[in-house]
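Residues per chain, in single letters:
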Amino acid sequence: MALCVQNHANVLPTDMLNEFPGYACILGNILETTGAALSQPDCSFEMALDLAAVTTFLLEALPPIKSSSRESSTVGEDDMIIGDESVEIVLDDNLQQQITNAIDSRFLVQLTNVLFGGISTAQGSHNESPDDKEVAAVAAACAFLHVTFNTLPLERIMTVLAYRTELVPVLWNFMKRCHQNQKWSSLPERFSYLLGDAPGWLLPLSVFCPVYKHMLMIVDNEEFYEQEKPLSLKDVRCLIVILRQALWQILWVNPSAHPSSGKFISNTSGHKKHPVEAIQSRVGTVASELLSQLQDWNNRRQFTPPSDFHADGVNDYFISQAVTEGTKAHDILKQAPFLIPFTSRVKIFTSQLASVRHRQEAHGVFTRNRFRIRRDHILEDAYNQMSALSEEDLRGLIRVTFVNEFGVEEAGIDGGGIFKDFMENITRAAFDVQYGLFKETADHLLYPNPGSGMIHEQHLQFFHFLGSLLAKAMFEGILVDIPFATFFLSKLKQKYNYLNDLPSLDPELYRHLIFLKHYKEDISGLELYFVIVNNEYGEQTEEELLPGGKNIRVTNENVITFIHLVSNHRLNFQIRQQSTHFLRGFQQLMRKEWIDMFNEHELQLLISGSLDSLDVDDLRQNTNYAGGYHGEHYVIDMFWEVLKSFSLENQKKFLKFVTGCSRGPLLGFKYLEPLFCIQRAAGSASEEALDRLPTSATCMNLLKLPPYGSKEQLETKLLYAINADAGFDLS
């Protein structure tokens, strides 16, 4: 049967009733028999191969069996099709239960034990290509599990495969050696109907990726980084290369004809076939998910250069295509943005923003709003005047007139420079921990204050307003000095935070939870219950992590659940309202698809730019001169020497003095619009002229520099000007 069934489907018994299809009845009986056969000590390797081949073939014909929560199946109810007609196949409940129960943990352990018995999983044991027996074993296991993943609820089998079988080490050893020898073995004949002449890495990756991804969801930081479980960091780096190359091959070099359908085609006998496209689509999905997860681990603590995630084939043509919706490159940008270098994605992002601005300008949609803001009441005035702005208003021009401490309007017309100054100052005020809306981690990173409602009655409205402010800064390309905690940036990506994100918020709590995870004695003796104590501004409150949690003791059996509930409470639940309102304001201008192009670390760079010192050489290379100055002028030479000698703080003050923003452009000063310019101040090098201070026009990124006679004088005057904190009155 194993040798002929895939080519002679007519050997299957005739269906007696729709809910009792012949292939399903024989599958249920064979699975029960297989369980008994595999448990015999004399069960042969060939017997296991045959049993795997037959059950794989029959499993393919099944409609997906849903879990009670109706999750985890990769195929929907409408995915069984004949031509253009939908076919509904519903198995009898008892028959379905028979099949589901047969593929239990014991069955999976027995099958993999017989198939993998005698195959070495030692790290680096040998570099030669896998022999025929190992190829057959891997093919049998992967074919069976691939079809099982598409048919049965995943939560029933993932933990078993991850921790009770040798599946991950065997598969990894196999894939690593195939990769090192640049030769992927073809499937044996009895399984070749699944893929034909398709690449030999497809099936192993379709099984390895979801199981390894499941393991990464459970391991903690110490296990991954220090103990290097479940794979060594060297092997993880190799895995990243394999996944990256496979994903690029699937998505760009040789994409399936219908990459988005992922549907299975049924023939008239009721048996569905797996086209190569369906397996390609699945591998594309699971490889993308795993690479994204590994990038998160690399961002927490770098173990490989970020460039290891970038595909080798990303060129100017690809970038030009990625901007346009509906193109293959644009689809890759959405599914696997990490394949594209960060600088390329920033260019795509800025071009998308520019396109929105130009499109609305062309239709006359942009509005212009002017506001009068007191410098010493900047947040209150801005909130009172701007919080009700519509999305259309926010996209339009916003111009600001500052009022100084004496109630006098400052000099200067806002051509964009004053607005940049306003954005930098209001974000500094609003996100200051003294204001009470945000708190700091031990690393001085910001996240919403869980007790913000105890300080501000309208705290949620403020969070909505601040979200729209941050979006406006990004929309206009204005960098602001706001260092957010990674777990809060995840909220802007609508991601869920897990235990391994907890150290960025509360390292001590994380250490306590990891201590519980590895506690060898009776945990119930510690007298812990499913409750958590909150302490905000001296007021202690107790919350149950589960209904009736104060009466549920933490034991060795439920400690993992307790650990994850505590992490969820601190990272997600406590700040859910603040994060939700902030996100709503943020999404008024920032589309989800734009933000999804970047991971949390990159998103922080989009917001604040690099934290490194100002690149004075880059600024000098991208500076224009006017009024008689030129690149070799003695005053200009003195100026660059002085600027280079400044501290980072004074360099930032200088940049803000001239451009209205203390951060340089994200990709370098050649992208500064308009380009930085130094103009000779009007007048001769007389004593009267040299008593004057440098001035600026921030809307034009223009420094007006008198022709000082000495470096000391230039430094003194420039420092005075940038530290005067006189707003635009120096103009």
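Residues numbered from 1 in each chain as written. Predicted model: local features only at pLDDT ≥ 70, side-chain atom pairs only at ≥ 80, totals over all residues. Heavy atoms only, no water.

Looking at an unreviewed UniProt entry, the chain carries the name HECT-type E3 ubiquitin transferase, with the source organism given as Gossypium laxum. Heading Catalytic activity (unreviewed entry) of the UniProt record for the chain holds this comment: "S-ubiquitinyl-[E2 ubiquitin-conjugating enzyme]-L-cysteine + [acceptor protein]-L-lysine = [E2 ubiquitin-conjugating enzyme]-L-cysteine + N(6)-ubiquitinyl-[acceptor protein]-L-lysine." What UniProt states about the chain under its Sequence similarities (unreviewed entry) heading is, verbatim, "Belongs to the UPL family." (UniProt positions renumbered as here; feature names shortened; annotations may be inferred.)

Caption draft 1: Representation of the overall build of the chain in the model. Looking only at helices and strands, the chain has 29 helices and 14 strands in total. Out of the 731 residues belonging to the chain, those deemed buried represent 53%. Considering only contacts in the chain between residues 6 or more positions apart, those separated by 24 or more positions represent 75%. Looking at the chain as shown, the accessible area adds up to about 33100 Å², and 49% of this sits on carbon and sulfur atoms. (Helix = DSSP H or I, 4+ residues; strand = E, 2+ residues; numbered from the N terminus. Buried < 20%, exposed > 50% of the residue type's maximum accessible area, 1.4 Å probe, protein only. Contact = heavy atoms within 4.5 Å. Areas by Shrake-Rupley, 256 points an atom, 1.4 Å probe, with all protein chains shown as cover.)

Caption draft 2: Quick peek at the pattern of salt bridges. Per the counting criterion, the structure on display carries 26 salt bridges. Put simply, E226 and R301 hold a salt bridge, and the shortest N to O gap is 2.6 Å. Of this pair, E226 sits in helix α9 (residues 221-226) while R301 sits in the loop between α11 (276-300) and α12 (316-322); the two residues are 75 residues apart in sequence, bridging distant segments of the chain. Given a relative accessible area of 37%, R301 falls into the partly exposed group. A salt bridge links E409 to R372; the shortest N-O distance between them is 3.0 Å. Of this pair, E409 sits in the loop between β6 (397-403) and α17 (417-430) while R372 is found in strand β5 (residues 368-374), placing the two residues 37 residues apart along the sequence. We classify E409 as partly exposed; its relative accessible area is 45%. Each of the salt bridges in this network shares a partner with another, and the network as a whole consists of R375, E410, D421 and K656. (Salt bridge = Lys/Arg side-chain N within 4 Å of Asp/Glu carboxyl O.)

Caption draft 3: Broad picture of the pairing of strand β14 (residues 702-705). Here strand β12 (residues 676-680) runs beside β14; their pairing, made up of four bridges, is parallel. Pairing of R680 across the sheet is with L705, part of β14. By the bridge criterion, three bridges tie strand β13 (residues 695-697) to β14 in an arrangement that is antiparallel. Bridged to T695 within β14 is K704. Linking β13 to β14, which pair antiparallel, is a turn of four residues; within it N701 sits at a positive phi near 50°. (Pairing = 2+ DSSP bridges.)

Caption draft 4: Expanded view of the packing of helix α7 (residues 167-180) against helix α10 (residues 233-253). Look at α7 against α10: their axes get within 11 Å of each other, and the N-to-C directions meet at 70°. With respect to each other, α7 and α10 are oriented roughly perpendicular. Between α7 and α10 the crossing geometry is left-handed. Only D235, C238, L239, V241, I242 and Q245 of α10 make contact with α7, whose side of the interface consists of W172, M175, K176 and H179. Classifying every residue of the contact of α7 with α10 by side-chain character gives six nonpolar, two polar and two charged. (Axes fitted to C-alpha atoms, helices over the stretch in contact; angles between N-to-C directions. Parallel < 35°, antiparallel > 145°, perpendicular 65-115°, else oblique. Left-handed = near helix turned anticlockwise from the far one by under 90°. Nonpolar A, V, L, I, M, F, W, Y, C, P; charged D, E, K, R; others polar.)

Caption draft 5: Geometry of the sheet that holds β12. Within the open sheet, the four strands sit side by side as β11-β12-β14-β13. Their pairing is mixed. Each of the sheet's edge strands pairs with one partner strand only, and the pair in question is β11 (623-626) and β13. Averaged over neighbouring strand pairs, the angle between their axes works out to 25° when direction is ignored. In the packing of helix α26 (residues 634-645) onto the sheet, contacts are made with β11, β12 and β14, and the angle to β12 comes to roughly 130°.

Caption draft 6: View of the packing of helix α1 (residues 22-38) against helix α3 (residues 93-102). In contact at an axis separation of 9 Å, α1 and α3 are set at 35° when each is read in the N-to-C sense. For α1 against α3, the interelement crossing comes out left-handed. Note on element contacts: α3 touches α1 through L95, Q98, I99 and A102, opposite A24, C25, L27, G28, N29, L31 and E32. Grouping the constituent residues of the contact of α1 with α3 by class yields seven nonpolar, three polar and one charged.

Caption draft 7: Structural view of the environment of N500. Within the secondary structure, N500 sits in the loop between α19 (486-492) and α20 (507-517). Along the sequence, N500 and R300 sit 200 residues apart, while their C-alpha atoms lie 8.9 Å from each other. There is a polar contact of 3.0 Å between the side chain of N500 and the backbone oxygen of V219. From its side chain, N500 meets the backbone nitrogen of N221 in a polar contact 3.1 Å long. (Polar contact = N/O pair within 3.5 Å; in protein donor to acceptor, adjacent residues only side chain to side chain.)

Caption draft 8: Representation of the side chain of T623 within the structure. Of note, T623 is situated in strand β11. Residue T623 is classed as buried on the basis of its relative accessible area, which comes to 9%. At a separation of 2.5 Å, a polar atom in the side chain of T623 contacts the main-chain carbonyl oxygen of L619. If we skip the residues at most four places from it in the chain, T623 touches W640, F676, C677 and I678.

Caption draft 9: Region of interest: the UniProt feature "active site" (unreviewed entry) in the chain. UniProt annotation of "active site" (unreviewed entry) refers to C699 when read in the numbering used here. Within the secondary structure, C699 is located in the loop between β13 and β14. Residue class for C699 comes out partly exposed when judged on its relative accessible area of 30%.

Caption draft 10: The nonpolar core, seen in detail. Core analysis: the largest hydrophobic core is formed by 199 residues, its most contacted members being Y212 and F422. Setting aside residues up to four positions removed in sequence, Y212 forms contacts with V168, F224, P230, L231, V236, L239, L290 and L294. One finds V635, L705, Y708 and L718 within the second-largest nonpolar core, a separate group that totals 27 residues. (Core = buried A, V, L, I, M, F, W, Y, C linked by side-chain atoms within 4.5 Å.)

Caption draft 11: Looking closely at a nonpolar patch on the surface. Together, Y163, M217, I218, Y496 and Y498 make up a nonpolar patch on the protein surface, roughly 460 Å² of accessible area in all. By the element assignment, Y163 lies in helix α6 (residues 158-163). We classify Y163 as partly exposed; its relative accessible area is 41%. (Patch = residues over 30% accessible without salt bridge, like charges linked within 9 Å, V, L, I, M, F, W, Y side chains within 5 Å.)

Caption draft 12: Layout of the packing of aromatic side chains. Per the stated rule, a full pass over the model turns up 36 aromatic pairs. Note on F431 and F484: the rings are 5.5 Å apart at their centroids and 80° apart in plane angle, and the pair reads as edge-to-face. Here the residue F431 occupies a position in the loop between α17 and β7 (438-440), and F484 occupies one in the loop between α18 (459-475) and α19, the gap between them amounting to 53 residues. You'll find F431 and F484 in the same group, each marked buried. An angle of 55° between the planes, with centres 5.4 Å apart, marks the rings of Y447 and F487 as tilted. Pair noted here: Y447 is in strand β8 (residues 446-448) and F487 is in helix α19, with a separation of 40 residues, a long-range link. Here a set of aromatic residues connected by ring pairs shows up, and it is made of F431, F438, F463, F484, F488 and F582. The ring of W297 carries R300 above its face, with NZ or CZ at 4.6 Å from the centroid. Lying over the aromatic face of F573, R576 brings its terminal NZ or CZ to 4.0 Å of the ring centre. (Phe/Tyr/Trp six-rings, centres within 6.5 Å; stacked < 30°, edge-to-face > 60°. Lys NZ or Arg CZ within 6 Å of the ring centre and 35° of its normal.)

Caption draft 13: Local environment of the environment of N534. Topologically, N534 is positioned in strand β9 (residues 531-536). Once the C-alpha coordinates of N534 and Q574 are considered, the two residues, 40 residues apart in sequence, prove to be 9.4 Å apart. Dropping the residues within four chain positions of it, N534 is found in contact with E539, Q540, T541, E543, H569 and Q574. Among the polar contacts made by the side chain of N534, one reaches the side chain of E543 at a distance of 2.5 Å.

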